[in-house]
Amino acid sequence: MKTSTNKNRKSILIIMLALGLPALFLTSCSKPAVTGNINTPVAGVAFVQASPDQPVLDIFFNNTKYNTTPVSYGNTFSYATVNAGKVPVALYNDATVKVVAADTLTLLQNVAYSLFLTNTVSHPQLFLLPDTLAKPTGTDAAIRFIDLSPDAPAVDLVIKSGSTLASNMTFKEYSTFIPVQADFYTLEVHAAGTSTVLATLNNLKFQSGFLYTVWFHGLNAGTTSADKLAVDIITNTYFM
C-alpha cells in the first residue's frame, strides 16, 4: 500500500482545519476528492475496503462521487469532508455501475469517522466507526484493533513475544485506542487464547504522538493470496 504524499497531507490538513480537529490522515491508495462547503457543518469520513471478494468500487456521499480512482480490496482513502446530518452513502461497482451497498449514515458535526465495507460480495455490510481521537500521553503512540474477518475464529492481537493488546475479538468488534511506547514492534493476530498465528505485521515503527488502527481482514476459508487472512495498519492521526 502506498503512503500518503506531502500533497495529500496538506489537503487533509485543510479538511481537518475545517472540522476543527487535529491533523488526520490514513495511509491511502486512492486520493479523496475534497468536496463540501467548509462554511456548513461537516464531518470527516475515511473509507476502508475490507470486503475480500468485491470488485473495485466507487463511493458516493449525497450523490457525489468522492474517490478519484476506484478503490480495491485492502485499500483506503483519506478523510474527506462530508456535510453533517443524515447522509446517504452508496458504493458502486466501477465496471458495471451497479450498487454494491447503500445506507444512510448519521454524521455529527466536527466528528471523524471510518467507514468500512465488510463481509463478502453476497452479504455486503457497511460499518461506521467513530474515530475517538485524543493525544497519547507523554511520548507514547496509541493503536486500535478491529476484527473485520467475517468467518475467522475469535482472535487476540499480540506483540510478538510480548503482551496481548486486545483479546477474544470477533467480527466487527474493536478496541479503544491503546497506549504503547513509541518503538518498533512485530504484531501477531492469534486464534484467541492460543499461540496459533493467523496473520503478522513485521517490524512496525510506532511514532510518538501518532494514532493507528490495526485491522484484521480476509477469509479463514480463503484459498488464494487475494482473500486469505491478513492484517494491515492505518495511520489515523498525529499530534505535533
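The structure we're discussing is the one just above.
Residues numbered from 1 in each chain as written. Predicted model: local features only at pLDDT ≥ 70, side-chain atom pairs only at ≥ 80, totals over all residues. Heavy atoms only, no water.

A. Just the pairing of strand 11 (residues 164-169), in detail. Where strand 10 (residues 155-159) lies against strand 11, three bridges are found, and the strand directions are antiparallel. Its bridge partner lying in strand 11, Val 158 is registered against Thr 164. With antiparallel pairing between neighbouring strands as the criterion, strand 10 and strand 11 make up a hairpin whose turn holds four residues, including Ser 161 at a positive phi of roughly 60°. (Pairing = 2+ DSSP bridges. Helix = DSSP H or I, 4+ residues; strand = E, 2+ residues; numbered from the N terminus.)

B. Spotlight on the pattern of salt bridges. Counting across every chain of the model gives two salt bridges. A salt bridge links Asp 58 to Lys 65, with the shortest nitrogen-to-oxygen separation between them at 3.7 Å. Residue Arg 144 pairs with Asp 131 through a salt bridge whose shortest N-O separation is 3.0 Å. Note that Arg 144 is positioned in strand 9 (residues 140-147) and Asp 131 in the loop between strand 8 (125-130) and strand 9, a separation of 13 residues in sequence. No difference in accessibility class separates Arg 144 from Asp 131, as the two residues are buried. (Salt bridge = Lys/Arg side-chain N within 4 Å of Asp/Glu carboxyl O. Buried < 20%, exposed > 50% of the residue type's maximum accessible area, 1.4 Å probe, protein only.)

C. Focus on the packing of aromatic side chains. Summed over all chains, the structure comprises nine aromatic pairs. When the ring of Phe 47 is compared with that of Phe 77, the centres are 6.0 Å apart and the planes differ by 40°; the resulting orientation is tilted. Here Phe 77 lies in strand 4 (residues 76-83) and Phe 47 lies in strand 1 (residues 42-49), a separation of 30 residues in the sequence. Neither Phe 47 nor Phe 77 differs from the other in exposure class; each is buried. Here Phe 210 and Tyr 212 contribute two aromatic rings whose centre-to-centre distance is 6.0 Å and whose plane-to-plane angle is 20°, an arrangement assigned as stacked. When sorted by exposure, Phe 210 lands in the same class as Tyr 212, which is buried. (Phe/Tyr/Trp six-rings, centres within 6.5 Å; stacked < 30°, edge-to-face > 60°.)

D. Local environment of the sheet that holds strand 7 (residues 112-118). Pairing is mixed in the open sheet, where four strands are placed in the order 4-1-7-8. Of all the strands in the sheet, the pair left with one neighbour each is strand 4 and strand 8. Within this sheet the neighbouring strands show an average axis-to-axis angle of 25°, counted without direction. (Axes fitted to C-alpha atoms, helices over the stretch in contact; angles between N-to-C directions.)

Coordinates in, geometry out; function isn't part of it.
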